[in-house]
Amino acid sequence: MPPKYTHGHHESVLRSHRARTAQNSAAYLLPSLRPGLQLLDVGCGPGTITVDLAALVDPGRVTAIEPITEALDLARDHAQQRGQRNIDFVVADVHALQFDDNTFDVVHAHQVLQHIADPVTALAEMRRVCKPGGVVAARDSDYAAFTWYPASAELDDWLRLYRDAARANGGEPDAGRHLLAWAHAAGFTDVTPTACASCFATPADREHWGGMWADRILQSAIADQLLASGAADQAKLQAISQAWRDWADHPDGWIALLHSQILCRV
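Under an unreviewed UniProt entry, the protein chain has the name Demethylmenaquinone methyltransferase and belongs to Mycobacterium talmoniae.

Draft legend 1. Layout of the overall build of the protein chain. The helix and strand inventory of the protein chain stands at ten helices and eight strands. Looking at the protein chain residue by residue over its 266 residues, the buried ones come to 53%. Look at the contacts in the protein chain between residues 6 or more apart in sequence, and 77% of them connect residues 24 or more apart. Split by element, the accessible area of the protein chain, about 11,300 Å² in all, is 51% carbon and sulfur.

Draft legend 2. Layout of the pairing of strand E4 (residues 104–110). With respect to burial, E4 is a largely interior element, seven of its seven residues being buried. Of the strand pairs in this sheet, strand E1 (residues 39–42) and E4 are connected by four bridges, and their pairing is parallel. Following the sheet pairing, Leu39 is matched in E4 by Val106. Sheet topology note: the E4/strand E5 (residues 130–141) ladder contains six bridges and is parallel. The partner of Ala109 across the bridge, within E5, is Ala138. Once you follow E4 into helix H5 (residues 119–128) and on to E5, the crossover reads as right-handed.

Draft legend 3. Highlighting the UniProt feature "domain: Methyltransferase type" (unreviewed entry) in the protein chain. Within this numbering scheme, the UniProt entry marks residues 40–137 as carrying the feature "domain: Methyltransferase type" (unreviewed entry). With 35% helix and 29% strand, the stretch residues 40–137 has end C-alpha atoms that lie 10 Å from each other.

Draft legend 4. Main features of the nonpolar core. Judged by nonpolar contacts, the single largest core of 29 residues is most densely connected at Leu40, Val42, Val107 and Leu123. Put simply, the parts of the chain that give this core at least two residues each are E1, E4, H5, E5, helix H7 (179–185) and strand E8 (254–265). Contacts of Val42, omitting those with residues within four sequence positions, involve Ile65, Val94, Val107, His108, Ala109, His110, Val112 and Met126.

Draft legend 5. Just the state of the cysteines, in detail. Counted by the stated rule, this structure contains zero disulfides. For the unlinked cysteine Cys264, the closest cysteine sulfur is that of Cys130, found at 9.4 Å.

Draft legend 6. Layout of the side chain of Ser241. Along the chain, Ser241 turns up in helix H10 (residues 234–249). Side-chain polar atoms of Ser241 contact the backbone oxygen of Ala214, separated by 2.7 Å. Dropping the residues within four chain positions of it, Ser241 is found in contact with Ala214, Ile217 and Leu218.

Draft legend 7. Expanded view of the environment of Arg82. As for its placement among the helices and strands, Arg82 is situated in helix H4 (residues 69–82). Judged by relative accessible area, Arg82 falls into the partly exposed class, the value being 42%. Along the chain, Arg82 and Thr48 lie 34 residues apart, while their C-alpha atoms are 9.5 Å from each other. Ignoring any residue separated from it by four or fewer positions in sequence, one finds Arg82 in contact with Val51 and Asp52. In this structure the side chain of Arg82 is engaged in a polar contact, spanning 3.0 Å, whose partner is the side chain of Asp52.

Draft legend 8. Layout of the packing of helix H6 (residues 153–168) against helix H9 (residues 221–229). Contact pair H6 / H9: the axes reach a minimum separation of 11 Å and the direction vectors enclose 85°. As judged from the angle between their axes, H6 and H9 are roughly perpendicular. Side by side, H6 and H9 meet where Leu161, Tyr162, Ala165 and Ala168 of the first sit next to Ile222, Gln225 and Leu226 of the second.

Draft legend 9. Looking closely at the packing of helix H3 (residues 48–57) against H4. Contact geometry for H3 and H4: axes closest at 9 Å, N-to-C directions at 50°. Regarding the angle of H3 to H4, the classification is oblique. Of the two possible hands of crossing, H3 and H4 adopt the one that is right-handed. Taking contact as the criterion, the partners of Thr48, Val51 and Asp52 in H3 are, on H4, His78, Ala79 and Arg82.

Conventions and cut-offs
Residues numbered from 1 in each chain as written. Predicted model: local features only at pLDDT ≥ 70, side-chain atom pairs only at ≥ 80, totals over all residues. Heavy atoms only, no water. Helix = DSSP H or I, 4+ residues; strand = E, 2+ residues; numbered from the N terminus. Buried < 20%, exposed > 50% of the residue type's maximum accessible area, 1.4 Å probe, protein only. Contact = heavy atoms within 4.5 Å. Areas by Shrake-Rupley, 256 points an atom, 1.4 Å probe, with all protein chains shown as cover. Pairing = 2+ DSSP bridges. Right-handed = clockwise from strand over helix to strand, strands pointing away. UniProt positions renumbered as here; feature names shortened; annotations may be inferred. Core = buried A, V, L, I, M, F, W, Y, C linked by side-chain atoms within 4.5 Å. Disulfide = S-S within 2.5 Å. Polar contact = N/O pair within 3.5 Å; in protein donor to acceptor, adjacent residues only side chain to side chain. Axes fitted to C-alpha atoms, helices over the stretch in contact; angles between N-to-C directions. Parallel < 35°, antiparallel > 145°, perpendicular 65-115°, else oblique. Left-handed = near helix turned anticlockwise from the far one by under 90°.

Structure representation (structure tokens):
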């Protein structure tokens, strides 16, 4: 059974994920895309990146996968709203893909490897279904490298609790620093590793990020998990939620999130 998805699919989570686009979340991959390619999008989430990628490879096709139907339905709905019709939606486990060898020109995974049981096996599967001469692309955050101002004991608690919860679910929240090693272990020899950062420091950006986490720590799957496990009580989660709102309201509030990226040639 795949590990539990730490974030879940509460509105506060989707609010963040729906802000992702191919340009702001997969810019390192875009030079490798052209019309007519066949692309596999692993862990497509609510589909905002997927639909953008589909537009770039049209009249090629995108196959979007998630391990459960409910998650896949979110992407299907978004594609219908955008009128993007060159996408196939398939329930699949990245550890054991049902596709033939050499099926896709591009295989893409955004913020997926940090949540799964065996990233090396997953990358090996992504390599197997990619055509010779194609590319496998992955981007993942590194939570331990997140940094913010001003200092906050409650936000320190947030980071500790999140990392512990993610690991309890079978994931690796600091996946970014492991991507290159995982790619080599999966058999890739031609890998271009890069990194970039997301920064939230304007009033609007702080409201988006801080408000999202202020809600998420109280209402989403991570809140349920922390309470059920006894890792935190309601008072602790309320204090973290308020700390996110205080950070968002601070005129000097700043946070940077590190992301690592790999572009692997097959």
